[in-house]
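Inside the fold
Here is how the chains run, residue by residue.
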Amino acid sequence: MKIKQISGNILTGLHRVLLHFGPYRKWIYSCGLDSLKFKRYYRDLHFDSIVGIACSDVDGYKDEGDNQKIVELVDNLARVVPKPEAVLDIGCGTGRYLKQMEVVWPGTHLEGIDISREIVEKFTCKLVPGVPIHVLDIEIDESFHIENRGKFDLVCMIGIIQVLSLKRVPGILDKVNVLCKEGGYLYVQFYVETEEKKSDVGYKRYSIEELETLLAKHGFTMIESARTDILKDYAYIVAWKTLE
Ligand SMILES: C[S@@+](CC[C@H](N)C(=O)[O-])C[C@H]1O[C@@H](n2cnc3c(N)ncnc32)[C@H](O)[C@@H]1O
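Note that the coordinates shown come from a computational prediction; the quantities given were computed from them, not determined experimentally. (Residues numbered from 1 in each chain as written. Predicted model: local features only at pLDDT ≥ 70, side-chain atom pairs only at ≥ 80, totals over all residues.)

1. Comments concerning the site of the ligand
Cut-off, in case you're wondering: Whether a residue is near a molecule or strand depends on its C-beta atom, generated from backbone atoms, being within 6 Å of that molecule or strand. Each helix is a run of H or I in the DSSP string that is no shorter than four residues. Each strand is a run of E no shorter than two, and both are numbered from the N terminus.
In the neighbourhood of the ligand, 19 residues make up the surrounding shell, with Gly-91, Gly-93, Ile-115, Ile-138 and Gly-159 lying closest. If you list the elements that add at least two residues to the shell around the ligand, you get helix 5 (96–104) and strand 2 (109–114).

Now the structure itself:
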């Protein structure tokens, strides 16, 4: 059984029914941004693999009109990390941040990772054609970080940590630590907890302090953090891989 397309509303309505699809779950296709909520609803079912993202949402995924914000966010990051040799963007999506990194850091080696082959083929490969993009699930992949140990001066996690399975986040941060050079940087941009909102369906909101503590446990020391005025509801942390 393969479910190839599910819209967000249908998905929400179907979630109880889908709980009974246990034996078929490895065939269930995840979909667009809603796949991320979907994964969190079903994370306890341990999908063997989410084999692709196939969804009409993919067309609505490209966030037009945000370019100026991305320019400002990447400029701000470049103030702390002036000239990295190699950068990895985990959960790169359409590649809109990678595109701006090409401008800000000419000559820097850039790579991206995303779970969605459809997004990568439809957008990323066109927007940043020279950048290697690896289609893989950072939650379950067990080889990328070993093959690329210590390769990157900067690893970015932009808008992805809030959608990852909570129990997998510590393992992912260990992988990120392996990928980073000694003294390299980690940039996390995340959905921040506020007085009014501590969580949303399908998303985990972190406070800056909570994430800072988590990063420290996985070998990163915070250099700078702030709420971004540029993106509502987001904050960022730039951390440094703690020297052993
Ligand atoms: C909210 S989007 C942010 C995209 C991009 N960083 C940006 O800001 O434009 C989150 C991205 O993470 C990707 N993603 C989610 N879970 C992932 C996983 N386990 N492994 C790799 N990529 C994942 C999604 O496909 C999606 O493109």
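Moving on from the model shown.
2. A closer look at the environment of Ile-230
Note the cut-off: With C-beta atoms placed from the backbone, the exposure class of a residue follows from how many other C-beta atoms lie within 10 Å of its own: 20 or more, buried; 12 or fewer, exposed; in between, partly exposed. We call two residues in contact if the C-beta atoms placed from their backbones are at most 7 Å apart.
Position of Ile-230 among the secondary structure elements: in the loop between strand 8 (220–227) and strand 9 (234–241). With 15 C-beta atoms packed within 10 Å, Ile-230 lands in the partly exposed category. Taking the C-alpha atoms as reference points, Ile-230 and Glu-72, 158 residues apart in sequence, are found 7.7 Å from one another. Sequence-distant contacts of Ile-230, that is, excluding residues within four places in its chain, are made with Lys-69, Glu-72 and Leu-73.

3. Brief notes about the sheet that holds strand 9
Using the following cut-off: In short, DSSP must find at least two bridges between two strands for them to pair. Axis lines are fitted to C-alpha atoms, over the contacting stretch for helices. Their N-to-C directions set the angle, which ranges from 0 to 180 degrees.
Taken together, seven strands build an open sheet; the order of strands is 3-2-1-4-5-9-8 and the sheet is mixed. The sheet is open, and its two edges are formed by strand 3 (133–135) and strand 8, each paired on a single side. Here the strands of the sheet are splayed against their neighbours by 15 degrees on average, with no regard to which way each runs. The sheet contact formed by strand 2 and strand 3 spans three bridges and is parallel. Among the inter-strand pairings, Asp-114 is bridged to a residue of strand 3, identified as Val-135.

4. Brief notes about the environment of Val-81
Topologically, Val-81 is positioned in the loop between helix 4 (67–80) and strand 1 (86–90). You can call Val-81 buried: it has 20 C-beta atoms within 10 Å. Linking Val-81 and Trp-105, residues 24 residues apart in sequence, is a C-alpha distance of 9.9 Å. Apart from the residues lying within four places of it in its own chain, the contact partners of Val-81 are Leu-154 and Tyr-185.

That is the geometry; function is a separate question.
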